[in-house]
Amino acid sequence: MINFLGDVLAQRVPAVVHGVQHDFCWEWLAEGVLSFTPKQAYEKAVVLSAGVHGNETAPIELLAQLSQDLFAGALELKVKLLLILGNPIAIRTGQRYVENDMNRMFCGAYQQFTDTVEAQRVAVLEQTVTAFFNDSPAQVRRYHYDLHTAIRPSLLPTFALFPYQTHDYDAVMLDSLKAAELDALVYHNAVGRTFTHFSSAQFQAASSTLELGHAKPFGQNDLAAFAAINHVLRTVVSEQALPIRQKQAIQTFRVVDSIIKTEDDFQLNLADSAPNFSVFETDAVIALQQGKPYVTAPDQVRILFPNTQVKKGLRAGLILTEVHA
């Protein structure tokens, strides 16, 4: 049996890299990458990824447990499955990333970062996901859940982001996120360079980036707090019925602007400790550059992922408006 997370932490290649277990075949494709193919016919090809940011450990532990239960026969496999621990070096060192943020480097953007460890890893992941989806029968439906935890508090603690796409958003994906007791959904308004944008744009996969609470070191996670998403991921893998949502209706937002830092004196009109989904009222100044108002709220809006410490040219926050039914 593969020790999915243990092998990554120990930086070791498994003694056996493929085999047959219960009702599926498995293969170790690269460090932190495992594929599982059922012996029987399947209707879905599912990618579950975590650790694209190495310090976001709870989702990594969830995928490690899921792989252990597959090998032990405690979880039935009814889909073709690819498990990915995104950034092994950053996972081992407890860093968000080593040189550059991997989740800004997909869709070929890694080619701008030649000879960096993250660029090399993104190239491997793009090739692996391409082979995984292309080797699946044409009629198989494609899914990608990319699991993260946030570096700051949030007024809406758990949420999913959908990449901008021109094809319809998948009803099964939406139902699974609602069943996972997420607090909010956010729809992007522009092309991105995230892992889920890659899988959505290149393969028309139903893709979402999930933010599931706070980033904590290994050993400090209360995985009971992740029970709802863990349950849903397991129902997705085993093709069981989704649980019934217990929370109030999920809130929905769309991105209306991305704040790009272009100057060294860039400032957000926000406390460093302010949570995600903080509110700006109409006409409020959100950001300043060169000492002048740079972004002003057109109406009441919220801000997501505010970060003044990003490198110049990168996104320092997303501006959202709520979509009411």
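To be clear, the structure that these remarks concern was listed above.
Since the model is a prediction, treat every value here as computed from it, not as a measurement.

**Side note on the nonpolar core**
Membership of the largest hydrophobic core comes to 50 residues, with the highest contact counts inside it found for Phe36, Leu48, Leu81 and Tyr145. When residues of this core are assigned to their parent elements, the largest contribution, eight residues, is made by helix H2 (residues 57–72). Residues contacting Leu48, with those up to four places away along its chain left out, are Leu63, Leu66, Leu81, Leu82, Leu83, Ile84, Tyr145, Leu233 and Val237. In this structure, Met102, Ala123, Val140 and Phe203 belong to the second largest nonpolar core, which totals 24 residues.

**Overview of the packing of aromatic side chains**
This model, assessed by the stated rule, comprises 16 aromatic pairs. Measuring from centroid to centroid gives 5.4 Å for Phe132 and Phe133, while their planes differ by 55 degrees, and the two rings are tilted. A residue is classified by how much of its surface remains accessible, and Phe132, at 5% relative accessible area, is buried. The buried category is assigned to Phe133, whose relative accessible area is 0%. Measuring from centroid to centroid gives 4.9 Å for Phe162 and Tyr187, while their planes differ by 40 degrees, and the two rings are tilted. Of this pair, Phe162 sits in strand E7 (residues 158–162) while Tyr187 sits in strand E8 (residues 184–187), and the two are 25 residues apart along the sequence. A single burial state applies to Phe162 and to Tyr187, both of which are buried. An aromatic cluster of at least three residues, connected via ring pairs, comprises Phe106, Phe132, Phe133, Phe195, Phe198 and Phe203. Of note, Lys80 hangs over the ring of Phe132, and the distance from its end group to the ring centre comes to 4.8 Å.

The rules behind these values
Residues numbered from 1 in each chain as written. Predicted model: local features only at pLDDT ≥ 70, side-chain atom pairs only at ≥ 80, totals over all residues. Heavy atoms only, no water. Core = buried A, V, L, I, M, F, W, Y, C linked by side-chain atoms within 4.5 Å. Buried < 20%, exposed > 50% of the residue type's maximum accessible area, 1.4 Å probe, protein only. Helix = DSSP H or I, 4+ residues; strand = E, 2+ residues; numbered from the N terminus. Contact = heavy atoms within 4.5 Å. Phe/Tyr/Trp six-rings, centres within 6.5 Å; stacked < 30°, edge-to-face > 60°. Lys NZ or Arg CZ within 6 Å of the ring centre and 35° of its normal.

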